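Examination of the molecular architecture
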Amino acid sequence: MQEITLPGLSGFRYLPGYFDRARQEDLVETIRKILTEAPLFQPVMPRTGKPFSVRMSNCGPLGWVSDINGYRYQATHPVTSRPWPPMPQMLTELWQTVAPDCPPVEACLINFYAPEAKMGLHQDRDEDTFDAPVVSVSLGDTATFRIGGTSRKGPTTSMRLASGDVVVLGGEARLAYHGIDRILKGSSTLLKNGGRINLTLRRVTKG
Ligand code: MD6
Ligand code: FE
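Summarised in this report is the structure supplied together with it. Small disclaimer: the values here were computed from a predicted structure and weren't measured.

Focus: the site of ligand 1
Near ligand 1 you find Tyr 113, His 122, Asp 124, Val 134, Ser 136, Phe 145, Leu 169, His 178, Ile 180, Arg 196, Asn 198 and Thr 200, and these make up its full shell. In the model, an oxygen atom of ligand 1 is placed 3.1 Å from a nitrogen or oxygen of the Asn 198 side chain. The fraction of the free accessible surface of ligand 1 (350 Å²) that becomes covered by protein chains is 99%. If you map ligand 1 onto the pockets, it falls in the largest pocket. Secondary-structure elements contributing two or more residues to the shell around ligand 1 are β8 (134-140), β12 (178-183) and β13 (196-202). The element best represented in the shell around ligand 1 is β13, accounting for three residues. Here the residues of the shell around ligand 1 are counted per class, giving five nonpolar, five polar and two charged.

Overview of the sheet that holds strand β11 (residues 166-169)
Strand order in the open sheet made by the seven strands is β1-β2-β11-β8-β13-β6-β3, with antiparallel pairing throughout. Only two strands of the sheet have a single partner each, and these edge strands are β1 (4-6) and β3 (55-59). Pairs of neighbouring strands in the sheet enclose a mean axial angle of 20°, with direction left out of account. Inspection of the sheet shows strand β2 (residues 9-15) paired to β11 by four bridges, in the antiparallel sense. Among the inter-strand pairings, Tyr 14 is bridged to a residue of β11, identified as Val 167. Its contacts with the sheet place helix α1 (residues 21-37) against β3, β6 (107-113), β8 and β13, and it is angled at close to 100° to β8.

The rules behind these values
- Residues numbered from 1 in each chain as written.
- Chains lettered and ligands numbered in written order.
- Predicted model: local features only at pLDDT ≥ 70, side-chain atom pairs only at ≥ 80, totals over all residues.
- Heavy atoms only, no water.
- Near = heavy atom within 4 Å.
- Polar contact = N/O pair within 3.5 Å; in protein donor to acceptor, adjacent residues only side chain to side chain.
- Areas by Shrake-Rupley, 256 points an atom, 1.4 Å probe, with all protein chains shown as cover.
- 1 Å grid on protein atoms, 1.4 Å probe; cavity = no way out; pocket = protein on both sides within 12 Å on 5 of 7 lines; lining within 4 Å.
- Sits in = over half its atoms within 2 Å of the grid points.
- Helix = DSSP H or I, 4+ residues; strand = E, 2+ residues; numbered from the N terminus.
- Nonpolar A, V, L, I, M, F, W, Y, C, P; charged D, E, K, R; others polar.
- Pairing = 2+ DSSP bridges.
- Axes fitted to C-alpha atoms, helices over the stretch in contact; angles between N-to-C directions.
- Contact = heavy atoms within 4.5 Å.

The structure is reproduced here in structure tokens:
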């Protein structure tokens, strides 16, 4: 297994090809089942109400939501009011592998990117603890991922995240600014209708 780090950003790990094609297909099937129970919803920005270009859902005991009132974690789907579906075993195992000393994963945010979608530079900081990493899995079309440091200004590095790749933001990198500049439409055959799914695994509460 290849592991790529960045000299100026400790705690950043890029694990290209972590999931092989067969396991990516398993994971997509699992996510599709989750999305029949907890459909993708359209989040909007706090205050402005401007819609995100990605659609979202979650699995696990807690899910991340954004609406006019703010960003938060909650135990139920904002549209159906039902509890989020359970965390799939493949994701629990990924968490145990890359964060063996951390308490169990509590939330998996599912982001769906149509080919035109992107994600502005942001920090993941809505959790009560930053001791555990945020772990991401990319499925489907390749994305251009940009990561900088813990200040919004300053240099950034770009890399392509392909289907099956895993990124770990722990340590100093836990609060690094990052985002998705673009999706490379048609770059993967994994999702029948194209686009990209990104899963981010988080510990939300203090262990
Ligand atoms: C994405 N990723 O890959 C957006 N956050 O679509 C993230 O926002 C992210 O890749 C925290 C940790 C890893 C990530
Ligand atoms: Fe993020």
